[in-house]
Amino acid sequence: MERNLNKMKNNNTNSTRSNLAKDNDLFHVIHKVPCGDTPYVKAKHAQLIEKNPEMAVVWFWKAINTGDRVDSALKDMAVVLKQLDRSEEAIEAIKSFRPRCSKNSQESLDNVLIDLYKKCGRMEEQVELLKRKLRQIYQGEAFNGKPTKTARSHGKKFQVTVRQEISRLLGNLGWAYMQQAKYLSAEAVYRKACMVEPDANKSCNLAMCLIKQGRFEEGRLVLDDVLESRVLGADDRRTRQRADELLSELEASLPRRRDAEMEDVLGNILDDDFVLGLEQITTSSFRSKRLPIFEQISSFRNQLVC
């Protein structure tokens, strides 16, 4: 009898421990917090459970300094620093400690840097990084010769094609040129992006470039494609609202003829040899002639996605 009681007690104890372990595992799955008691785990707990970003940064620094999941710690810390409006600090942290990170993490760190440069208004650095990433695709370094790669966002993995990545990078590059008032450069980039993977948002951005240059009829044609739902994503409510706003801006600007003014300004708007390699745009006719560098990228892209 005593033996049976002891056996029942042991079974109950084991069952309780098993249930506690299952509950603990479920907790980590639900809250996306890794198991353990390391600095990185404590940082993620402070970030996601305690909602204490300042303490999370402290533990992320400890993780980096002790070599605990340095790749993830550096990237996650930069994201938290951005949320704390400490983006400049995040940029310097990535630049200083990325040599400690693995080769596989460098691309994701670049993507974080692009957002940080945008947040800080450091357009020149953002442009250079975006151009470097586009060159890497052309050289076959970004996808290792494969048509897709695995990306991660908010803890979820998904596949990205060469075409999607080129389009995303070109969209970011066009936006950066817009912030610098380099509207011809932005136009060239957005036109290429629309060729690679057209959508309504890029069309609106292209129309804005044309409006800024006083090329109202060309801008109207681009907006008509959006408002007539001839491009992907044109049914999105916010995109259509933006297209309507741009059309109103265009119509309000129609009486102003700035051709003579633009002749003096365009030479200072077009960026550098990179964009000249993307599209050759003349100030007299506004017609484009595609030159080798991005023809090569297009050819390389087509080989991968076929």
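Keep in mind that what you see is a predicted model, and the values were worked out from it rather than measured. (Residues numbered from 1 in each chain as written. Predicted model: local features only at pLDDT ≥ 70, side-chain atom pairs only at ≥ 80, totals over all residues. Heavy atoms only, no water.)

Per the secondary structure count, the protein chain includes 15 helices and 4 strands. Residues classed as buried in the protein chain amount to 41% of the 306 residues present. Look at the contacts in the protein chain between residues 6 or more apart in sequence, and 55% of them connect residues 24 or more apart. Per element, the accessible surface of the protein chain, about 17,000 Å² overall, is 49% carbon and sulfur. (Helix = DSSP H or I, 4+ residues; strand = E, 2+ residues; numbered from the N terminus. Buried < 20%, exposed > 50% of the residue type's maximum accessible area, 1.4 Å probe, protein only. Contact = heavy atoms within 4.5 Å. Areas by Shrake-Rupley, 256 points an atom, 1.4 Å probe, with all protein chains shown as cover.)

Another aspect to go through is unusual backbone geometry. Backbone geometry places D85, a non-glycine residue, at a positive phi of 60°. In this structure, D85 sits in the loop between α4 (70-83) and α5 (87-97). We classify D85 as exposed; its relative accessible area is 60%. Its identity is not glycine, yet S229 carries a phi of approximately 60°, on the positive side.

Position of K212 among the secondary structure elements: in helix α10 (residues 200-212). As for K212 and M178, which are separated by 34 residues in sequence, their C-alpha atoms are 9.6 Å apart.

By secondary structure assignment, the location of K133 is in helix α7 (residues 123-138). Of the buried charged residues, K133 lacks a salt bridge, with D110 as the closest side chain of opposite charge at 4.1 Å. Among residues more than four places away in sequence, those in contact with K133 are E107, D110, N111, I114, R168 and L169. (Lys, Arg positive; Asp, Glu negative; His and termini not counted. Salt bridge = Lys/Arg side-chain N within 4 Å of Asp/Glu carboxyl O.)

Let us look at the environment of S167. With respect to the element layout, S167 can be found in helix α8 (residues 162-179). Judged by relative accessible area, which is 2%, S167 ranks as buried. With 32 residues separating them in the primary sequence, S167 and D199 have C-alpha atoms 10.0 Å apart. In this view, S167 contacts A193, V196, E197 and K202; residues no more than four positions away in its chain are not counted.

Below, the discussion takes up the UniProt feature "repeat: TPR" (unreviewed entry) in the protein chain. Following the UniProt record, one finds the feature "repeat: TPR" (unreviewed entry) at residues 167-200. Note that residues 167-200 is 82% helix and 0% strand, and that its end C-alpha atoms are spaced 13 Å apart. (UniProt positions renumbered as here; feature names shortened; annotations may be inferred.)

Let us now look at the nonpolar core. Membership of the largest hydrophobic core comes to 68 residues, with the highest contact counts inside it found for F60, L74, M77, I94 and L116. Taken domain by domain, the makeup of this core includes at least three residues from each of domain 1 (26-103) and domain 2 (198-253). Those residues in contact with F60, other than ones at most four positions away along the chain, are Y40, A43, K44, Q47, A73, D76, M77 and V80. (Core = buried A, V, L, I, M, F, W, Y, C linked by side-chain atoms within 4.5 Å. Domains from an automatic or database assignment.)

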